[in-house]
Amino acid sequence: MKRWHISVLDKELANGLVKQYGLPAFTAILLSIRGITEPTQIEAFFSEEETLSDPFLIKDMDKAVKRIKKAVTSGEKICIYGDYDCDGVTATVLLYSYLTSVFADVMYYIPDRNAEGYGMNRSAVDKLQQQGIQLIITVDNGISAIEEIQYAGSLGMDVVVTDHHKPQDILPRAVAVVNPHRTDDTSPYRDYCGAGIALKLAIALEGDAFSVMENYAELAAVGTIADLVPLTGENRTIVKAGLRNLANTERTGLSCLIETAGIGHLNAGNIAFRLAPRINAAGRLGSADDALRLFLTENDEETSGMAKYLNTLNTERQQIEADIFAQICCLLKEEPSLTYDRVLVISSKGWNAGVIGIVSSRVTDLFGKPSIIISEDGDICKGSGRSIAGFSIVDALFACSEYLEKFGGHPMAIGFSIQHEKIGDFRKAINAYANKLDKMPLLSVKVDCILNPETIVPDMVHQLQQFEPFGYGNAKPVFGLCRMHLDRIVPLSEGKHLKLAVSKGRARLNLLRFSTTPAEFPYSEGDVLDFAVCLETNVYQGKESIAFHVREIRLSDFDNEKAMYELQDYDAYKSGILAETLTDKLPTREEFAAVYVYLRKTRRAVYGIDSLLYGVRKETVGAFKLLVILEILRDRGLIEYERELDKLKIKVLNISVKVNLQASPVYLKLKEDIHHVGKQS
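Residues numbered from 1 in each chain as written. Predicted model: local features only at pLDDT ≥ 70, side-chain atom pairs only at ≥ 80, totals over all residues. Heavy atoms only, no water.

Participant: Provide a residue-level description of the overall build of the protein chain, including the pertinent values.
Facilitator: Each helix and strand in the protein chain was counted, giving 23 helices and 21 strands. Against the 2.2 N^0.38 benchmark of 26 Å for 681 residues, the protein chain shows a C-alpha radius of gyration of 27 Å, consistent with a compact globule. Seen along its three principal axes, the alpha-carbon backbone of the protein chain occupies a region of about 90 × 65 × 50 Å. Expressed as a percentage of the 681 residues in the protein chain, the buried residues total 53%. Put simply, of all contacts in the protein chain between residues at least 6 apart along the chain, 67% involve residues at least 24 apart. When the accessible area of the protein chain is evaluated, it comes to approximately 30,600 Å², of which 49% is carbon and sulfur surface. (Helix = DSSP H or I, 4+ residues; strand = E, 2+ residues; numbered from the N terminus. Rg over C-alpha atoms; globule rule 2.2 N^0.38 Å. Buried < 20%, exposed > 50% of the residue type's maximum accessible area, 1.4 Å probe, protein only. Contact = heavy atoms within 4.5 Å. Areas by Shrake-Rupley, 256 points an atom, 1.4 Å probe, with all protein chains shown as cover.)

Right under this line is the structure:
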């Protein structure tokens, strides 16, 4: 269950774009919805030319270029200090390749994820000093390495920082700190990833944007897509240029990895979900050096073996990730109280720190809440977190910095290290921060516009293609099909997926719902539903048709938003927070009866909270009260019940004896808490 945010369509504005620019109506509608309405915006959005702003507009870029050029011309030993994720690897390869091309004496260093962790560390600085390094250039890190950079300076090494992560209040004492997120930076664009900043640095060093884009845009594009920075403005320019370059890349290793990953059509989606994970797998399970060597080696035999190795690592990563996720699900079933927190903080021993960020994404998707997963191995533990739109998890992390050793990240993703003994206090502190908010943001789906199913034609899909590349900040358009009658549910691929036959008026459509079995599907034939779908082109035996891929489903006559806020209230109550909203939440006999009778009548394995509430058809029973009723029915032995976010697994038990529901400890505690709230008010 998600909140649906349906964009408002200004029909007059869209019609104006059609008349003024001769655009197809569907294209004009999407442009107007996404706020791309001025001539310069439209031209820039659809332009194929690589136009980037002057890199010297970024604060300290001039200082960085001056110091690096001095090092190159005087033969100083330079080290590029990178990071082990896809963004860090591509940024390192990009800058290393460029500096090699101008005959610099350059090497690279990527810290080991497990042994050293993220960013600069003293041990690495010592190693570099012993190798005679005189200048360190960081890529995709360095902004939080205050002490390490000061230490490098004490050993006689200069540091140039290039980074895109949020700075702390104090900047490192480096020769230059190139980070558009500095408060004193006034450059026109700031949402680059680490590889994007490295590209801008190379352009500044070379003085020729065209040649740098021609040679390195594909590396910056892969890093940009992988790091989930917005695909808007200059990032869009970088990715479009990079995707063109990728089609004919001369980088043998990159080409070989694309082939090994089975990528036929090079688009942002395939880069994000098929190429980037294989690059990331090196740093997560092996060594990021494996990915770097793949990019830098030109021997066909070597690159083929390396690409296959990364492919194997990625398969292993997927299995490890699945095992950890399964363990977390078991842990949360044993300790359901953890799921009531606004920020889920889950920790255990034996979890591979290299994959916990991916697992965190899955936990956040499942529960609709920010989550943080901590690997407890050793005295110093490693954590990674993911958030939902509207809750800056990095701001929350900064607010709890007293509990942490090292930390950093973005509004949507964080990484940190923490002493084992402080995990409990950290969990309390970050939830205390979140509890200061009146309401947490809701997990939502953005719907670009509602479509009339009778007017959908294949040319609409062709028009969508010009809006690519799709990704964060330029999401693939999602369309609403509202008040559709669900005629038939057809299992596909041995029940792994579903085909949903729906109708409205004269329209008959087949929608595809992937990764959902018939038993997991919470709706029934005959329901009237709204579908959020993406449109794809399907060609079979030379005939083109539209494929409708279902992203989200909701009951047409149900208030998702109200139910989701009630679920927040329920979780707050279960975590010990008493609020005035409790006063009308004690179930009546009639409400118990309405829920129980409906369950006995339908006896489904899985219900959605929406479908169950809608089926009960009792206005006084909202999501909060429904979950209380289910708890009490379970407590009294009438049902077996598990909740997974908005999915309810319920089995009605055959009980012949009469049961006093109001004697349940759950009922009595709620009654007492309501009385307590009443006395306070």
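Let's pick the thread back up.
Participant: Describe the pattern of salt bridges, naming the residues involved and giving the relevant values.
Facilitator: Opposite charge on two side chains permits them to pair, given that their charged atoms come into close proximity. For the coordinates displayed, the defined rule picks out 29 salt bridges. When the shortest N-O distance is used, the salt bridge between R293 and D290 registers 2.6 Å. One end of the pair, R293, and the other, D290, are both in helix α13 (residues 288–296), three residues apart, so they sit about a helical turn from each other. Here D290 falls in the buried class, since its relative accessible area comes to 14%. Between E454 and R506 there is a salt bridge, with its nearest N and O atoms 3.1 Å apart. Separated by 52 residues along the polypeptide, E454 in the loop between β13 (449–450) and α18 (458–464) and R506 in the loop between β15 (497–504) and β16 (507–513) bring together distant segments of the chain. Accessibility expressed as a relative area gives 37% for E454, which makes it partly exposed. Overall, the relative accessible area of 72% leaves R506 in the exposed class. Here the salt bridges share partners, and the residues they tie into one network are D60, K63, R182 and D184. (Salt bridge = Lys/Arg side-chain N within 4 Å of Asp/Glu carboxyl O.)

Participant: Tell me about helix α10 (residues 233–246), residues and numbers included.
Facilitator: Along its 14 residues, α10 runs 20 Å from first to last C-alpha, staying within 8% of the 20 Å computed at 1.5 Å per residue. Among the 14 residues of α10, twelve are classified as buried, and the element is accordingly described as predominantly covered. Listed in full, the buried residues belonging to α10 are E234, N235, R236, T237, I238, V239, K240, A241, G242, L243, N245 and L246. Of the surrounding elements, those touching the buried residues of α10 are α3 (39–46), α8 (194–206), α9 (209–226), α11 (252–260) and α12 (268–285). (Expected span 1.5 Å × (residues − 1).)

Participant: I'd love a proper account of the environment of Q419, names of residues and values included.
Facilitator: For Q419, the location among the structural elements is in strand β11 (residues 413–419). By relative accessible area, which is 24% here, Q419 ends up partly exposed. Each C-alpha atom of the pair Q419 and G378 lies 8.7 Å from the other, and the pair is 41 residues apart in sequence. Not counting residues within four places of it along the chain, the set of residues in contact with Q419 comprises D379, I380 and E405.

Participant: Account for helix α4 (residues 61–73), naming residues and giving values.
Facilitator: The end-to-end C-alpha distance of α4, which contains 13 residues, comes to 18 Å, matching closely the 18 Å that a straight helix rising 1.5 Å per residue would cover. Every buried residue belonging to α4 is among M61, A64, V65, R67, I68 and A71, and all of these are buried. Contacts from the buried residues of α4 go to β2 (77–81), α5 (86–101), β4 (135–139), β5 (158–162), β6 (176–178) and α8. G75 sits one or two positions beyond α4 and adopts a positive phi of about 75°.

Participant: Describe the sheet that holds strand β10 (residues 404–409), listing the residues and the values that go with them.
Facilitator: As summarised here, the arrangement of the five strands in space is β7-β8-β9-β11-β10, forming an open sheet in which the pairing is mixed. A strand with exactly one partner marks an edge of an open sheet, and here the two such strands are β7 (344–348) and β10. Adjacent strand axes in the sheet meet at a mean angle of 15° when their direction is disregarded. Note: strand β8 (residues 371–375) against strand β9 (residues 380–386), five bridges, orientation antiparallel. Residue I374 lies in a different strand from β9, and its bridge partner there is G383. Here helix α15 (residues 356–367) sits on the sheet in contact with β7, β8 and β9, set at roughly 45° to β9. (Pairing = 2+ DSSP bridges. Axes fitted to C-alpha atoms, helices over the stretch in contact; angles between N-to-C directions.)

Participant: Help me get a handle on the side chain of S387, residues and values and all.
Facilitator: Examined against the element boundaries, S387 turns out to sit in the loop between β9 and α16 (393–399). Engagement of the side chain of S387 in a polar contact is seen with the backbone oxygen of F391, the distance being 2.6 Å. Among residues more than four places away in sequence, those in contact with S387 are T364, P370, I393, P411 and M412. (Polar contact = N/O pair within 3.5 Å; in protein donor to acceptor, adjacent residues only side chain to side chain.)

Participant: Give me the lowdown on the packing of helix α6 (residues 122–130) against helix α7 (residues 146–154), citing residues and values where you can.
Facilitator: Packing of α6 against α7 leaves a shortest axis separation of 10 Å and a crossing angle of 25°. Our classification of the angle between α6 and α7 gives roughly parallel. Relative to α7, α6 is oriented so that their crossing is right-handed. Between α6, through R122, V125 and D126, and α7, the contact on the second element is made entirely by E148, Y151 and A152. Residue classes in the contact of α6 with α7 are distributed as three nonpolar, no polar and three charged. (Parallel < 35°, antiparallel > 145°, perpendicular 65-115°, else oblique. Left-handed = near helix turned anticlockwise from the far one by under 90°. Nonpolar A, V, L, I, M, F, W, Y, C, P; charged D, E, K, R; others polar.)

Participant: How would you sum up the sheet that holds strand β19 (residues 606–608)? Please name residues and give values.
Facilitator: The three strands are arranged β19-β21-β20 in an open sheet whose pairing can be described as antiparallel. A strand with exactly one partner marks an edge of an open sheet, and here the two such strands are β19 and β20 (639–644). Strand-to-strand twist across the sheet, computed as the mean angle between neighbouring axes with direction ignored, equals 25°. Inspection of the sheet shows β20 paired to strand β21 (residues 647–652) by six bridges, in the antiparallel sense.

Participant: Go over the nonpolar core with me, naming the residues and quoting the values.
Facilitator: Membership of the largest hydrophobic core comes to 93 residues, with the highest contact counts inside it found for L99 and L199. Apart from the residues lying within four places of it in its own chain, the contact partners of L199 are L52, L94, V212, M213, Y216, A217, A220 and I238. Residues M460, V550, Y570 and Y598 belong to the second largest nonpolar core, which totals 79 residues. (Core = buried A, V, L, I, M, F, W, Y, C linked by side-chain atoms within 4.5 Å.)

Participant: Account for the packing of helix α14 (residues 300–334) against α15, with residues named and values stated.
Facilitator: Contact geometry for α14 and α15: axes closest at 9 Å, N-to-C directions at 45°. Between α14 and α15, the angle falls in the class oblique. Relative to α15, α14 is oriented so that their crossing is right-handed. Contacts between α14 and α15 involve R317, E321, A322, I324, F325, I328, C329 and L332 from the former and I358, V359, R362, V363, L366 and F367 from the latter. Taken together, the residues of the contact of α14 with α15 break down into eleven nonpolar, no polar and three charged.

Participant: Can you explain the packing of aromatic side chains? Please cite residues and give values.
Facilitator: Overall, the coordinates contain 17 aromatic pairs when judged by the stated rule. Here the aromatic rings of F521 and Y523 are separated by 5.6 Å at their centres, their planes lie at 70°, and the arrangement is edge-to-face. Across the pair, exposure class does not vary: F521 and Y523 are buried alike. Look at Y570 and F624: their rings are 5.6 Å apart centre to centre, the planes differ by 85°, and that puts the pair in the edge-to-face class. Of the two residues, Y570 sits in helix α19 (residues 560–574) while F624 sits in helix α22 (residues 623–635), which places them 54 residues apart along the sequence. Grouping aromatic residues by their ring pairs yields a cluster made of Y340, Y570, Y573 and F624. Just above the ring of F325 sits the side chain of R362; from NZ or CZ to the centre is 4.0 Å. Residue placement shows R554 over the ring face of W4; its charged tip is 4.2 Å from the ring centre. (Phe/Tyr/Trp six-rings, centres within 6.5 Å; stacked < 30°, edge-to-face > 60°. Lys NZ or Arg CZ within 6 Å of the ring centre and 35° of its normal.)

Without other data, these values stay purely geometric and don't point to any function.
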